[in-house]
Structure formats: C-alpha cells, structure tokens
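Tertiary structure, described
So the chains spell out like this:
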Amino acid sequence: MEVDTEAGVSSRAERKALEKAKIVQRENERNVLKMVTRIMKKAEDERTEEETCALLRHRDAVEELRKRRLRSSVLKRKQEEVKHVVSQNCDGLHLRSGLPRHALSELHGNMFIEVCTSCTPAREYVRVFDVTERTSLRRHGTGRRCARCTGDLRDTIVLKKYACLWCMNRPAKTRPKLYIVNLQWTPKDDLATLKMNGKCDDVLNLLMKDLDIQIPQYNKAEDPILSLAIPLRLEEEQSHSRSLIAPPAGQEDCSPDAQGPATGKPVQGGWFGRGYSKARRKKKKAI
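Now for a description of the structure that goes with this document.

Quick notes on the rules
- Residues numbered from 1 in each chain as written.
- Predicted model: local features only at pLDDT ≥ 70, side-chain atom pairs only at ≥ 80, totals over all residues.
- Heavy atoms only, no water.
- Helix = DSSP H or I, 4+ residues; strand = E, 2+ residues; numbered from the N terminus.
- Contact = heavy atoms within 4.5 Å.
- Salt bridge = Lys/Arg side-chain N within 4 Å of Asp/Glu carboxyl O.
- Core = buried A, V, L, I, M, F, W, Y, C linked by side-chain atoms within 4.5 Å.
- Buried < 20%, exposed > 50% of the residue type's maximum accessible area, 1.4 Å probe, protein only.
- Pairing = 2+ DSSP bridges.
- Polar contact = N/O pair within 3.5 Å; in protein donor to acceptor, adjacent residues only side chain to side chain.

So, about the overall build of the protein chain. If you tally the helices and strands in the protein chain, you get 8 helices and 9 strands. Here the analysis covers contacts within the protein chain between residues at least 6 apart in sequence; of these, 51% occur between residues at least 24 apart.

Tallied over the entire structure, the rule returns 12 salt bridges. With a shortest N-O distance of 2.7 Å, Arg96 and Asp223 are connected by a salt bridge. With Arg96 in helix α4 (residues 93–96) and Asp223 in the loop between α5 (200–210) and α6 (224–227), the pair connects residues that are 127 residues apart, well separated along the chain. Glu114 serves as the salt-bridge partner of Arg127, at 2.6 Å between the closest nitrogen and oxygen. With a gap of 13 residues between them, Arg127 in the loop between β4 (123–126) and β5 (141–145) and Glu114 in strand β3 (residues 113–116) connect regions that are remote in the sequence.

Of all hydrophobic cores here, the largest spans 15 residues; its most connected members are Val128, Phe129, Ile225 and Ile245. Going through the elements one at a time, β3 and α6 are the ones with two or more residues in this core. If we ignore the near neighbours within four places in the chain, the residues touching Ile225 are Leu95, Arg96, Phe112, Val126, Arg127, Val128 and Ile245. Of all hydrophobic cores here, the second largest spans 9 residues; its members include Leu33, Val36, Met40 and Leu65.

Turning to unusual backbone geometry, a few remarks are in order. Most peptide bonds take the trans configuration, and most residues that are not glycine carry a negative phi. Cis geometry marks the peptide bond from Thr120 to Pro121, where omega comes out at 0°. As for its placement among the helices and strands, Pro121 is situated in the loop between β3 and β4. One non-glycine residue with positive phi stands out, namely Thr150, at about 65°. Residue placement: Thr150 occurs in the loop between β5 and β6 (152–155). Residue Thr150 is classed as partly exposed on the basis of its relative accessible area, which comes to 48%.

In β3, alternate side chains face the same way, and those of Ile113 and Val115 on one face and Glu114 and Cys116 on the other are all buried. Sheet analysis places β3 next to β4, joined by 4 bridges and oriented antiparallel. Paired with Glu114 across the bridge in β4 is Tyr125. Counting the residues that bridge the hairpin from β3 to β4 gives 6 residues. The pairing of β3 with β6 spans 3 bridges and is classified as antiparallel.

To continue, consider the environment of Leu183. Along the chain, Leu183 falls in the loop between β7 (179–181) and β8 (194–196). When its relative accessible area of 58% is taken as the criterion, Leu183 is described as exposed. Note: C-alpha distance between Leu183 and Met196 (13 residues apart in sequence) is 8.0 Å. When neighbours within four sequence positions are excluded, Leu183 is seen to be in contact with Asn197, Gly198 and Lys199.

Our focus in this paragraph is the side chain of His140. With respect to the element layout, His140 can be found in the loop between β4 and β5. A distance of 2.7 Å separates the side chain of His140 from the side chain of Asp155, its partner in a polar contact. Residue contacts for His140: discarding those within four places in its chain leaves Thr135, Leu153, Arg154, Asp155 and Ile157.

Below, the structure written as structure tokens:
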C-alpha cells in the first residue's frame, strides 16, 4: 500500500515537473520570437554583428516568422476579395466597423435602426440608442411615428433560424469549418472545429498580432451609426430610456436643428430593404 502511495506521489510530481518544463519552453520560444521579430524589422545594414549571429542561432524562429508573414499577406489578399458579409448579430457592430451597407446583410436586423413600413419604399431611421426597448418577439412597434407619413415605426429585429447558413443539409465532412469564440456554452459547440472560451477582443488582438496585421483605430467621426443618425423630434425625446452612443468630438449638440431634418430616408442597403420589398410584393398579390 505504501509503495502504491509513493508511486502515485512520484507520478504526480513528474507530471507537474513536465508541465512546468513545457511552460518554461513555451515562454522561451515566445521570447526568442519577439527578439527575432524586433531584429528582422531592421534593415540588414542596420543590424549589429550580435543581432546577425542571433538570427543564425535561431534559424527555426526566423523561418517561423517568415511563414507567419506569408500567411498574413495571403490573408490580406483574401480580405480584399471579400464581396459580402452575412451577419446574425443585431448589435450593429459590423456596420460600425466600416463595412459598406451594400456589402452587408444583417439577417436578424439592427438594434439601432427603426423603419416605417407604410412608406414606399420603406423609410429607415438610424438612432444613437437601442430602439428595441418596447419591442418583443411579436410586437415590433417602437412607439414613435414616421415624420413623413405619421405611420408607426417598428424595429428591424427578426429572430429566425437559418439552417442554410450552417450547411446542415450537407454531410458533416463537407460543411465549412466552424470556429467559436465565446465565454459560455453555445448550441453549436459540438459542431465546431475549434472552441475558444474567451473574449472576442482578446482573442482577435492576439490573432492579429500573430499574423502581424495592424488593427485600424476606431474613429467616431467615421462611425455610420453616428453620421447617419436621425435626431428625435421634440415630442419624442422622452420616448426611450436607453443610454445614447457618445457622439463624436465636436458634435455634442444632438438637437434636431444641429443634425438636420428628422424625416429619415428610404432603405438603400442591408437585409431589410431587399427582404421587405419581397414581402410587400407578395402581400399585394394576395390582396
């Protein structure tokens, strides 16, 4: 019995020592890669003799860095080739990231946009607050009215499953690879090629750093939600209690006079304009 206990303690100690050795090795490799990256950013004629010798000693790290740069350039080319983005998020972040409206389909709608379906074509109102405060699954009225026709405004949120996006009709081996970054469990975890429990910002920052891709700085002045926002009319100012998105510097005045007319504009892009147009045609034919 004592022999078994000693063997168990010994095996645990060996495992801990092995794990510690792996951690130390990974840390050393990370430090070497940082050093090689710093040296290779310099021109060859600017490197010291010591730095040149360091590159020769760590040829594996140099080769790994070159492979990463190659993958980075390939990824950048692929980014330039992206024609359209299909999003199931309704938080408006894809639109705020700078994607043009014609290259984006927000399948579940946008929480910052309310529309007048009485106007032809449907007229949209971009707001700087969440318009879904008073809405629910089957009640989409926001409590505000269209400045053009006085029709009721409604949100654009549609909660629906799209099996075609997940290619569930295909055999498992032929489906596109699915990568999930989330803090909690998701229904698609078992289907994912890789599941990472973490914050998207943290994971993507590490990924972009690893790929040596510069992340553009956010510019409030170029935020489409802020630049396209329609101010509330005087009688509507108390129609919501949600917090506002901060306006860009120098544009703190959110009064109707400061931001122009509050009549909205016809929908020209995104999922809602196309999808709703089809629904209206079907409805007219049925009548």
